[in-house]
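Chain by chain, the residues:
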Amino acid sequence: MLSLDLMPAPEPARTENPAWLDAGFTAGWLPAFRNRRTGEVRASHLEDGRLACTHILDTVPTAWVAELDDQGRPGALIAEIQAGYLRGDRFFTLAELLRYPSDA
């Protein structure tokens with residue numbers, strides 16, 4: 001009897017990473033936003049809930065949005081919101097990242 005375990009399996013379709021994939025994302029840095037007043041932190045995510053590779057304004061809480069563009073999409077955030085990155089459970093501002101030692 002022929003063993004199907006020995007038959008070569010078709011290779012799964014390979015999808016290339018999009019050109020905009022942020023190297024920081026793959027190294028464990030997740031784009032995020034923090035409300036300086038409340039301390040609430042939100043990882044940047046796409047509308048379908050997947051983590052985003054870049055800072056996405058479209059999915060921040062409505063209360064964090066200062067103005068909308070002509071299509072009703074967030075164009076600016078309120079002053080209390082700051083962009084940064086999550087690593088583990090710690091939020092880093094962009095200024096802090098400039099001083100953060102790189103992984104060896």
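Provided above is the structure to which this section pertains.
Remember, predicted model here, so these are calculated numbers, not experimental data. Throughout this document, residue positions are counted from 1 along each chain, in the order its sequence is written. In keeping with the predicted nature of the model, local features appear solely for residues at pLDDT of at least 70, side-chain atom pairs appear and are counted solely at 80 or more, and the whole-chain, interface and lining totals rest on all residues. To obtain the side-chain values, all non-hydrogen atoms of the structure were included, while hydrogens and water were left out.

## Section: the overall build of the protein
Inference 1: Note on conventions: DSSP H or I runs of at least 4 residues are helices, E runs of at least 2 residues are strands, and numbering of each starts at the N terminus. Helix and strand content of the protein: two helices and six strands.
Inference 2: Sequence-ordered secondary structure for the protein, helices as α and strands as β, is α-β-β-β-β-β-β-α.
Inference 3: Using a 1.4 Å probe on the protein chains alone, a residue whose accessible area is under 20% of its type maximum counts as buried, one over 50% counts as exposed, and one in between counts as partly exposed. Burial analysis of the protein (104 residues in total) assigns 22% to the buried set.
Inference 4: Throughout, a contact is declared for two residues whenever any of their heavy atoms are within 4.5 Å. In the protein, 42% of the contacts between residues at least 6 apart in sequence involve partners at least 24 apart.
Inference 5: Counting only carbon and sulfur atoms, one obtains 54% of the accessible surface of the protein, whose full area is about 7,800 Å². Throughout, the Shrake-Rupley method with a 1.4 Å probe supplies accessible areas, and for residues the shown protein chains are the sole cover considered.

## Observations concerning the packing of aromatic side chains
Inference 1: Note on aromatic pairs: the rings of Phe, Tyr and Trp (six-membered ring only in Trp) are paired at centre separations within 6.5 Å, and the planes decide the class, stacked below 30 degrees, edge-to-face beyond 60, tilted for the rest. Tallied over the entire structure, the rule returns one aromatic pair.
Inference 2: Aromatic pair Trp29 and Phe92: ring centres 5.0 Å apart, planes at 75 degrees, arrangement edge-to-face. Within this pair, whereas Trp29 is found in the loop between helix H1 (23–26) and strand S1 (30–35), its partner Phe92 is found in strand S6 (residues 90–93), the two being separated by 63 residues in sequence.
Inference 3: The exposure class assigned to Trp29 is buried, which follows from its relative accessible area of 11%.
Inference 4: In this structure Phe92 comes out as buried when scored by relative accessible area, which is 3%.

## Brief notes about the environment of Arg99
Inference 1: Within the secondary structure layout, Arg99 lies in helix H2 (residues 94–99).
Inference 2: In this structure Arg99 comes out as exposed when scored by relative accessible area, which is 63%.
Inference 3: Polar contacts here mean pairs of N or O atoms no more than 3.5 Å apart (in protein, one a potential hydrogen donor and the other a potential acceptor; neighbouring residues in sequence count only if both atoms are side-chain atoms). At a separation of 3.5 Å, a polar atom in the side chain of Arg99 contacts the main-chain carbonyl oxygen of Ala95.

## Regarding the pairing of strand S4 (residues 74–77)
One face of the sheet, then the other: side chains in a regular strand alternate in exactly this way.
Inference 1: When strand S3 (residues 65–68) meets S4, the two strands line up antiparallel, connected through three bridges. Across the sheet, residue Leu68 finds its bridge partner in S4, namely Pro74.
Inference 2: For two strands to pair, DSSP has to find at least two bridges joining them. Between the end of S3 and the start of S4, which pair antiparallel, lie five residues, with Gly72 showing a positive phi angle near 85 degrees.

## What about the pattern of salt bridges?
Inference 1: For this analysis, a salt bridge means a side-chain nitrogen from Lys or Arg found within 4 Å of a carboxyl oxygen belonging to Asp or Glu. Across all of its chains, the model carries three salt bridges by this definition.
Inference 2: Notably, a salt bridge pairs Arg42 with Glu40, separated by 2.8 Å at the nearest N-O pair.
Inference 3: Taking the relative accessible area as the measure of exposure, Arg42 reaches 35% and is therefore partly exposed.
Inference 4: Here Glu40 falls in the partly exposed class, since its relative accessible area comes to 32%.
Inference 5: Residues Asp48 and Arg50 are paired through a salt bridge, measuring 2.8 Å at the closest nitrogen-oxygen approach. Both residues of the pair, Asp48 and Arg50, belong to the exposed class.

## So, the sheet that holds S6
Inference 1: If you trace the four strands from one edge of the open sheet to the other, you get S2-S1-S5-S6, paired in antiparallel fashion. The open sheet is flanked by strand S2 (41–43) and S6, the only strands paired with a single partner. Strand after strand, the sheet turns through a mean of 40 degrees between neighbouring axes, direction not considered.
Inference 2: Taken together, the four bridges between strand S5 (residues 81–87) and S6 define a ladder with antiparallel strand orientation. Fitted lines through C-alpha atoms serve as axes, helices being fitted only where they are in contact, and the angles separating the N-to-C directions of these axes extend from 0 to 180 degrees.

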